[in-house]
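# Summary of structural features
Spelled out, the chains give:
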Amino acid sequence: MGLEVREVSVDALTVALATRSYSLDVRPGVARSWPAATAVRQASARVVVTNRTIAALYPELVAGTQCNLRIELEDGERYKTADSVDVIHSALLRARCDRKCIIVAVGGGVVGDTAGFAAATYMRGIPFIQVPTTLLAQVDSSIGGKTAINHPLGKNMIGAFHQPSAVFIDPLLLNTLPDAELSAGFAEIIKHALIRDAAYLDWLEANSAGLLARDPELLTHAIRRSCEIKAAIVEADEFETGERALLNLGHTFGHALEAVLGFGTWLHGQAVGCGLVLATDMSARLGLIDSAAVARVQRIVSAFRLPVRVPAQASTSALVDAMLLDKKNEGGRVRFILLEAIGRGVIRPESVELAAQVIDAHR
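In short, a report on the structure.

## A short note on the overall build of the chain
- Counting its secondary structure elements, the chain contains 15 helices and eleven strands.
- Here the C-alpha radius of gyration of the chain, 20 Å, is about what a compact globule of 363 residues would show, namely 21 Å.
- The C-alpha extent of the chain, read off along each of the three principal axes, is 55 × 45 × 35 Å.
- For the chain, the residues scored as buried account for 59% of the 363 residues in total.
- Expressed as a percentage of contacts within the chain between residues at least 6 apart in sequence, the contacts between residues at least 24 apart total 73%.
- The averaged location of the 39 negative side-chain charges in the chain is 4 Å from the averaged location of its 36 positive side-chain charges.

Shown next, in the form of C-alpha cells:
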C-alpha cells in the first residue's frame, strides 16, 4: 500500500545550504564512523557530549583515542536547561578548548539541542556533529540546526540556529531504545507524512506493526524518507521565515502540554502525537478537511501507541496561556499549523478560543 520499501541506498543525503551544507548519513552501523568525519579529523580537540544512559550503553561511541574530553549530562528533558549549558561551557574552558575544537553530540534530542546550543554560543560558535540515538532525534531534532534549551515558562525559548557539520543516523542504535521512546519518535514521522506525503502516510498506516516491532528494513526506510522531507523543507527555509513552520504541526498544542504537565512528564513525541490529533480536529472545525481525516489521524496516532486525549490535570486555561507564550506567535495571534489535506499543511494565525474548544473535546 502506498510507497514500496526499496533497498536502502548507501549514499548519504545532503542538506544543501551553500557553505553550511552537510551530510545525513543514514546506514546501519554508521554511528561508529563519526571519528572519520572531515570536521572531526581537522579539529584541535574532540569533545563528546552525551548522557549517563548512552555512556553506559555505547561506551565505544563516547570514549577512546578519538575523544579528548567527555562531558556526561543527566538524562531527561528536565535537564535541557541553562545549567546544563554551563556545565558544557565550563568543561570547555577548563580544558582550554579553542575555536577549532568540535563538539560531538551523542544522544537524543535533549543532548543534541543542549550540546548544539553550547556549540553555537561558545566563543561565538564552534562546529559540532550529531550522532542521534533516539528515533525522534534521528528524524527531526538532529536535522536543521535548531538548537535550544527550555525555560520554566516555555519550551525551546532560548536558542540559536547553528547547523551541524555532519549527522550520523544509525538505525541499529534503536535496538536499545525503550518502547515508549520508540513510539515517541513516530509522532514526528507521522507529522512529516501529514504535511508533505499522503502516500507515505498510507505506508505508515499499513506498516505500523512492523515498525513498532523494529523491523530493520522498515525502520531504515521510514527514517530515510522523513530525513528527505525535513532536509527539503530546511533547504527551502533555513531560518523559519515561512515554509519551515509547517514542521511545527502538532507542536503548538504539544509544547503547551509539555509545559503545563511539567517537562519530562510526557515525552516530547507523546505530546506532539496528541497535538497532531488536536491540530487535525481544529483543521476540520475550520472547514479545511473533513471529519473522516480527524478519525483517521487519531487512529494512526493511537496505532503507534501515542496518547490522543488531553490529561485532566492539564487545564484548558493553562494550556491556552502556554500557547499564547509560544515564540511562533505574531501580532497577538497564535500561529497554528493546520491541514488543508492529508499530505498538505498550511500556516494559519488563529485566535485561541477555537483551540480551547478543541482541547475540551478531546478529554
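Back to the write-up after that little detour.
## Here's the deal with the pattern of salt bridges
- On inspection of all chains with the given rule, the structure shows 24 salt bridges.
- When the shortest N-O distance is used, the salt bridge between E188 and K191 registers 2.7 Å. Of the two residues, E188 and K191 are both situated in helix α7 (residues 179–196); the distance of three residues between them amounts to about one turn of the helix. Of the two residues, E188 and K191, both sit in the buried class.
- Among the charged side chains, a network of salt bridges with common partners joins D140, E188, K191 and K230.

## Quick look at the nonpolar core
- Counting residues in each nonpolar core, the largest one holds 79 residues, and the members touching the most others are L24, L135, F186, L211, F253 and F304.
- The dominant element in this core, judged by the number of residues it contributes, is helix α10 (residues 216–236), at nine residues.
- In this view, L24 contacts A12, L13, V15, I143, V167, I169, C227 and A231; residues no more than four positions away in its chain are not counted.

## So, the pairing of strand β9 (residues 166–169)
- Along β9, one buried face is formed by A166 and F168 and the opposite face, lined by V167 and I169, is buried too.
- One ladder, built from four bridges, connects strand β2 (residues 22–26) with β9; its direction is parallel. When the sheet's bridge partners are listed, L24 is paired in β9 with V167.

## Focus: helix α11 (residues 251–261)
- Burial within α11 is extensive, with nine of its eleven residues counted as buried.
- Among all positions in α11, only H251, T252, F253, G254, H255, A256, L257, E258 and L261 are buried.
- On its buried face, α11 is in contact with β8 (154–161), α7, α12 (268–285), α14 (316–324), β10 (334–341) and α15 (352–361).

What counts, and where the lines are drawn
Residues numbered from 1 in each chain as written. Predicted model: local features only at pLDDT ≥ 70, side-chain atom pairs only at ≥ 80, totals over all residues. Heavy atoms only, no water. Helix = DSSP H or I, 4+ residues; strand = E, 2+ residues; numbered from the N terminus. Rg over C-alpha atoms; globule rule 2.2 N^0.38 Å. Buried < 20%, exposed > 50% of the residue type's maximum accessible area, 1.4 Å probe, protein only. Contact = heavy atoms within 4.5 Å. Lys, Arg positive; Asp, Glu negative; His and termini not counted. Charge placed at Lys NZ, Arg CZ, Asp CG, Glu CD. Salt bridge = Lys/Arg side-chain N within 4 Å of Asp/Glu carboxyl O. Core = buried A, V, L, I, M, F, W, Y, C linked by side-chain atoms within 4.5 Å. Pairing = 2+ DSSP bridges.

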